[in-house]
Amino acid sequence: MDYLHLEKKEHVAVITIQSPPANALASYILKDLSKALDQLEEDQSVKAIVLKGEGKFFSAGADIKEFTSLQEQSEFSNLATKGQDLFTRLENFHIPVIAAIHGAALGGGLELAMSCHMRIVTNSAKLGLPELNLGIIPGFAGTQRLPRYVGQAKAYEMILTGEPITGNEAASLGLANMAVAEEELESTVMALASKITAKSGPSIHAVMRLIPYSFTSNFESGLKREGEEFGKVFGNKDAKEGVQAFIEKRKPQFNDQ
Ligand SMILES: C/C=C/C(=O)SCCNC(=O)CCNC(=O)[C@H](O)C(C)(C)COP(=O)(O)OP(=O)(O)OC[C@H]1O[C@@H](n2cnc3c(N)ncnc32)[C@H](O)[C@@H]1OP(=O)(O)O
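You'll find the protein entered in an unreviewed UniProt entry as Enoyl-CoA hydratase, with Pontibacillus salicampi given as the organism. One UniProt comment on the protein, placed under Sequence similarities (unreviewed entry), says "Belongs to the enoyl-CoA hydratase/isomerase family."

See below:
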């Protein structure tokens, strides 16, 4: 992977996009991200992933300069489909991904962040879908994911004006979990990641299957699936340990993966 750095800190994997200044999501970066997911799929020790950008920004979106190398409508549609498929894979990933956003998450950068499971932003970061300023539209699922987070009216406003919102606004709208000062971003994200990694692996994975299921299924089949997963986790040693630790008034030690 030439444009992504992947490092492990105990049970947390940190992926850094390394293509400053804009960390524009050229197709080779999307390929690297796909390879990183392949690696993490094989690594049972990782319980949380942090995704961040090196330099001034999280990511300023798809590589606008790369657009000039394409001509046919089908080539542009293909580019969109590849990005959408990768981001859907990320959204359905069995390990929770936290996007750590500073500077800007624009266009494809915000679409990438929206396919992560949680977002921590800096107060002054710019988040937006400015594609209409370029005479195009969002293509990595921005029209489909943004309304989920901010509601339809705000999604229309953000996409049709192309104007970004600040990290503070993103947190108040529910697009981000939290907005913090730039110097607190890393510690806040790592603290959130370690709260997650302290939990039992099978419980984490069950939640990671159930929440995405709620986007595409009806309520009744979601409940049925939740009941089945609830039964399954009780088959693990960690469930016995968690319940016993509560009774014995001690911290649980979870080991299942
Ligand atoms: C399917 C998905 C579609 C999309 O995602 S379309 C892309 C949507 N994104 C955008 O439209 C954002 C475009 N970029 C900007 O608005 C600005 O930039 C920023 C707000 C991110 C930063 O502004 P500032 O601090 O003034 O820096 P700077 O001089 O504009 O940018 C630094 C260098 O980064 C390049 N760059 C910025 N964004 C992109 C991009 N998305 N694709 C390719 N290059 C980009 C610039 O051109 C420049 O480069 P140089 O130093 O060579 O002049």
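A. The arrangement of the pattern of salt bridges in detail. Across all of its chains, the model carries 13 salt bridges by this definition. Residue D43 is joined to K8 by a salt bridge in which the shortest nitrogen-to-oxygen separation is 2.8 Å. One end of the pair, D43, is in the loop between α1 (27-42) and β3 (48-53); the other, K8, is in strand β1 (residues 4-9), with 35 residues separating them in the sequence. Look at K8 and you get partly exposed, because its relative accessible area is 44%. Ionic pairing is found between D32 and K35, a salt bridge with its closest N-O pair at 3.8 Å. In this pair, D32 and K35 both sit in helix α1, three residues apart, roughly one turn of the helix. Residue classification places D32 among the buried positions, given a relative accessible area of 5%. Where salt bridges share partners, they join D38, E41 and R89 into one cluster.

B. Local environment of the site of the ligand. Neighbouring the ligand are 21 residues, the closest being A60, A62, I64, K65 and G108. A distance of 2.9 Å is found between a nitrogen atom of the ligand and a backbone nitrogen or oxygen belonging to A60. The separation between an oxygen atom of the ligand and a polar main-chain atom of G108 is 2.8 Å. Summarising the interface, the protein chains cover 63% of the accessible area of the ligand, which totals 980 Å² for the free molecule. For the shell around the ligand, the elements supplying multiple residues, two or more each, are α2 (64-67) and α4 (108-115). Considering each element in turn, the shell around the ligand owes the most residues, three residues, to α2.

Cut-offs used in this document
The written sequence of each chain sets the order in which its residues are numbered from 1. Residue-level local features of this predicted model are given only where pLDDT is at least 70; pairs of side-chain atoms are given and counted only at 80 or more, and the full residue set underlies all totals for whole chains, interfaces and linings. Note that water and hydrogens are dropped before the side-chain values are worked out from all heavy atoms of the structure. UniProt positions are given in the numbering used here, feature names are shortened, and annotations may be inferred rather than shown by experiment. Put simply, a salt bridge is a Lys or Arg side-chain nitrogen that is within 4 Å of an Asp or Glu carboxyl oxygen. Only DSSP runs of H or I with at least four residues qualify as helices, and only runs of E with at least two residues qualify as strands; both kinds are numbered from the N terminus onward. Only protein chains enter the calculation, and the probe is 1.4 Å; a residue is then buried if its accessible area is under 20% of its type maximum, exposed if over 50%, and partly exposed in between. Neighbouring residues are identified by heavy atoms, a residue being near a molecule or strand if any of them is within 4 Å of it. Throughout this description, a polar contact denotes any pair of N or O atoms lying within 3.5 Å of each other; where both atoms belong to protein, one of them has to be capable of donating a hydrogen while the other can accept it, and for residues adjacent in sequence the pair is counted only when both atoms sit in side chains. Each accessible area is a Shrake-Rupley estimate made with a 1.4 Å probe; only the visible protein chains count as cover when residues are assessed.

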